[in-house]
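Observations on chain architecture
Here is how the chains run, residue by residue.
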Amino acid sequence: MLKPGDAVARFTIVSLLGTGGMGQVYRARDPHLQRSVALKILHPAQVEATQTDAAARILREARAAAALDHPNVVAIFEVGIIDATDDLAGTAYIAMELVEGRSLRDRMAERDTPREERSRWLVDIARALGAAHARGLVHRDIKPENVIVREDGVVKVLDFGIAQRTLPEHAGPMSTTEAQIISTLSTSGGVAGTPIYMAPEQMRGEAIDGRADQFAWGVVAYELLCGELPWGKGGDRLQLVANLMSKDPAPLASRDPTIAEHVSAVVQRALAKAPEARFASMSDLVTAFEGRVSTRAPSLPERASQAPLAAPPQAIATQPTKPRAVRTIATVAALGALAIGAILLARARARTSPVTPPSSSAIAVSATPSASARCAASRDCLSRERCRVLAEPGDLDDPDTVWIGALLPLEGDDAKTFGEKELHALDLARRDFAHMMVGFRRGALGRARPIALVACDDSHDPTRAVRHLVDDVGVPAVVGFRTAAEIIEIAGATLIPKDVLAIATLTTSPLLTSIPHRTGQPRLVWRTTYNATQTAAALGAAIPAHFEPELRALPGGLGKTGAMRVALVRSKATRLSAFSNALFTALSYNKKSALANGGDYRELTFDDADPARAEADCASIVSELALFAPHVVVYVDDGSLPKRVIVPLEGAWKNAQYRPRWLSVSTISADVMAFVGTDAGRRKRFFGVEEVTTSPANARLVMHYNEVFDDKVTRGAAPNSSYDAFYLLAYATYALGDDAITGASLARAFARLVPPGRPIEVGVAGIFDAFSALRRGESIDLDGATGHLDFNLATGDAPIDQAIVCIGLDDHGRAAESVESGMIYGSRTRALEGSIRCK
């Protein structure tokens, strides 16, 4: 048994969640991606080669399930064998998504849940199954216990054949923890599944395909919508199974007249005894369930023409096909015997060592349109998952439209602070191209494909939102991403594997440049804002050039020989370690490096993952800083530092000769402005670093934005990187001409938007010139409102000049906003220009 703090591969054990026949499941922490996982550790006996090669089977099944990349399927992050020297050596482990919520069985008991919500759950379950079927996987044990509904309403389907069920079949409603340690692998000669949810062909041990899951979905739907099983209430389960095999259930609408007829018809068809009478795919079922097509089952001639439905060799065979005479059940007595056998087999699975199922993994499903084709035909589809559609009339119906995705906070405080402005900037750029190029969609110069936006909220479930953009809408690129952790996880798990390009407009973490990419393929993660290593370089140059001479000149201060002290205060977040390393490398003062300064340089960190711990850490930081008495404090403001560190330290400061200079690694926050107020002495000690905002392109963007939108912006707080990102993608599509628009093709096209080439600034004035040049096969040199977009094609970063900013005043003499001081760090020249001239 593992204990908290133990390490398994790169995961750190937090607590035990549950124990079953196959092993233990732990809550664990992934320190690389800063997330919690459910870590399943198999019993050593399960992984010995002499035990029917269980380890190989477990890993093979887990890897197959890990291939599922769908927002309604519990994700498998990693599978492997523990490399250790203790008793766990050679033990298999599976790291899975940790789902907090309740089973669908629990939620069924809540009769006040609106039917619309229940219907949405059913659609999500169906989509999850459809994704599995498309990857050659059949679940085989769909039932309410194997579905979790999170507190935010997101549905997650569990256990696509990872391990054997370890809980009693009638143990009652399951918790999240219990649900995560059950599974559904078949045993040798056995039948996988729970009898009252099993399709007739699955009961008979015949070869099955995805339509067996469809039948189980029908049972769940029936039970969820009317509160009863299709073949009666509770009672004798043997009789229920016999009814399942021999009788058609009463239509849902007859049980509850308020249920829509088309919904009742969909469920009835899913419960058809013959697989070929059901829907050809879960996608077809969802379309009918949402009321868009007829729910009529195909006639016999039509069935004969549907090859996928009549092709059992393509199905997943859980049992060798038996002669038809054996499969024909003629009497209820025979049904009863079969039901008893099925139940006994299901109960015996926990006591039987599982074996490797047949190797066939193909699944018979009908051909369906691509996800993007289906979605582009429906605005409702595009706007699912808290998404907004920003397009011109006709874009929805134009097959040439290029749909770009955006991932931004569109709800809550972050939406009000910056999310809506970033979205407006993207839409402003979209309108620029829509209005300027309306006459050039098809012309002598070649077509200018319309470009539209689908922007999704990332404040609730960014993974679900981005999977909607990628899987349903079919976008080739996604822009936005509020944090480094968000883009790192999403890029690695979804975007890069699916050839979708990402453009970060909000995060400056240096870690983005080191995200792994596929060998021989272009980089798929880019950024139109600056890299924080550029901020580190600017601070590393400004501290010895300005702040150290100022401090040495103070009366009674350092003088020529005193040792200046510098501190860095930041959270312990992994994303900030790269910045601290860059600052440590770039910084030089006292005529020596930070390393050579020894005890005169300190880095103090706090745990921002735990509010109580952060409070204690910051109190300790204040005490240490009061003793250390730094002359300069560089800080990364997470929103809490002014209250937790700056204000307390200013109150506890004892040295009468000087007070520290505070240098923010970004914009000077509103809380700092409030603390400074009308105090001129404080105002002279607070500075920040931002990208240069006084360029003509940025000034034009601000005027353009404020003409269109009511939420006015200033040059120092303009959403320029989002505006630049849309222009970058639009010009890349023009560079591609008639070629296919993919993430990789867009990334390759960026090479034609950097020097040498015709200088073009973002904004409507350059659109025609850029379009003409790119269509002629020429290159352009694109400059953005954020700065020079001269991308390093290997890192995805552009050299964005940095300005040292100070605090400006409003009409009442109060600290109001950041203003450029006059000192600029040139990211291309890697040198300071100008001097600090703050009032």
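The following refers to the structure shown. Every value quoted in this text rests on a predicted model; they were computed, and no experiment measured them.

On to unusual backbone geometry. Residue Pro756 follows Pro755 across a cis peptide bond; omega there is 0°. Relative to the elements of secondary structure, Pro756 occurs in the loop between helix H27 (743-749) and strand E23 (758-761). Phi is positive for Arg140, which is not a glycine, with a value near 80°. Note that Arg140 resides in the loop between helix H3 (115-134) and strand E8 (147-150). Residue Arg140 is classed as buried on the basis of its relative accessible area, which comes to 9%.

So, about the sheet that holds strand E25 (residues 802-809). Sheet strands pair via backbone hydrogen bonds, and the direction of the pair is either parallel or antiparallel. Spatially, 8 strands are ordered E19-E16-E20-E21-E22-E25-E26-E27 in an open sheet, and the strand pairing comes out mixed. Two strands lie at the open edges of the sheet, namely strand E19 (601-606) and strand E27 (831-833), each paired on one side alone. Neighbouring strand axes in the sheet, compared pairwise and without regard to direction, differ in orientation by 30° on average. As paired strands, strand E20 (residues 632-635) and strand E21 (residues 661-664) are joined by 4 bridges and run parallel to one another. For Val632, the partnering residue across the bridge sits in E21 and is Arg661. On the sheet, helix H21 (residues 611-628) packs against strand E16 (566-571) and E19 and is oriented at approximately 160° with respect to E19.

The packing of two helices is summarised by the inter-axis angle and the distance between the axes. In contact at an axis separation of 9 Å, helix H9 (residues 261-270) and helix H10 (residues 282-289) are set at 155° when each is read in the N-to-C sense. One element, H9, and the other, H10, form an angle in the roughly antiparallel class. Contacts between H9 and H10 involve His262, Val263, Val266 and Ala270 from the former and Leu285, Ala288 and Phe289 from the latter. Its residues assigned to classes, the contact of H9 with H10 shows 6 nonpolar, 1 polar and no charged.

The final tally for this structure, using the stated rule, is 2 disulfides. Note that Cys387 is cross-linked by a disulfide to Cys456, the S-S spacing being 2.0 Å. Where Cys387 bonds to Cys456 through sulfur, the torsion about that S-S bond is close to 105°, and the disulfide is right-handed. Of this pair, Cys387 sits in strand E10 (residues 387-390) while Cys456 sits in strand E12 (residues 451-457), and the two are 69 residues apart along the sequence.

Ranked by internal contacts, the top residues of the largest apolar core, which has 91 residues, are Val478, Leu495, Leu501, Ile503, Leu729, Tyr731 and Phe750. Tallying contributions element by element places helix H26 (residues 720-736) first for this core, with 12 residues. Other than its neighbours up to four places away in sequence, Val478 contacts Gly405, Ala406, Leu407, Val466, Leu469, Leu495, Val500, Leu501, Ala502 and Ile503. Formed by 54 residues, the second largest nonpolar core is a distinct cluster that contains Leu68, Ile196, Tyr222 and Cys226.

This next bit is on the sheet that holds E8. The 3 strands lie next to each other as E7-E8-E9, forming an open sheet whose pairing is antiparallel. The open sheet terminates on both sides in strands that have one partner only, identified here as strand E7 (101-103) and strand E9 (155-157). This sheet shows a mean twist of 30° between the axes of neighbouring strands, independent of strand direction. Relative to E9, E8 is paired through 3 bridges, and the arrangement is antiparallel.

Thresholds applied
Every chain is numbered independently, its residues counted from 1 as its sequence is written. Reporting of local features is limited, given that this is a predicted model, to residues whose pLDDT is at least 70; pairs of side-chain atoms are given and counted only at 80 or more, and all residues count toward the totals for whole chains, interfaces and linings. To obtain the side-chain values, all non-hydrogen atoms of the structure were used and water was disregarded. What counts as a helix is a DSSP run of H or I of at least four residues, what counts as a strand is a run of E of at least two, and both are numbered from the N terminus. Exposed residues in this analysis have more than 50% of their type's maximum accessible area, buried residues have under 20%, and partly exposed residues fall in between, with area computed by a 1.4 Å probe over protein chains only. Should DSSP find at least two bridges between two strands, the strands are taken to pair. All axes are obtained by fitting lines to C-alpha atoms, using only the stretch in contact for helices, and the reported angles, taken between N-to-C directions, cover 0 to 180 degrees. By definition in these notes, contact holds between two residues if any of their heavy atoms fall within 4.5 Å. Here the angle decides the label: under 35 degrees means roughly parallel, over 145 means roughly antiparallel, 65 to 115 means roughly perpendicular, and every other value means oblique. Residues are grouped as follows: Ala, Val, Leu, Ile, Met, Phe, Trp, Tyr, Cys and Pro are nonpolar; Asp, Glu, Lys and Arg are charged; all remaining types, including Gly, are polar. What counts as a disulfide here is a pair of cysteine sulfur atoms lying within 2.5 Å. Residues belong to one nonpolar core when they are buried, are Ala, Val, Leu, Ile, Met, Phe, Trp, Tyr or Cys, and are joined through side-chain atoms within 4.5 Å.

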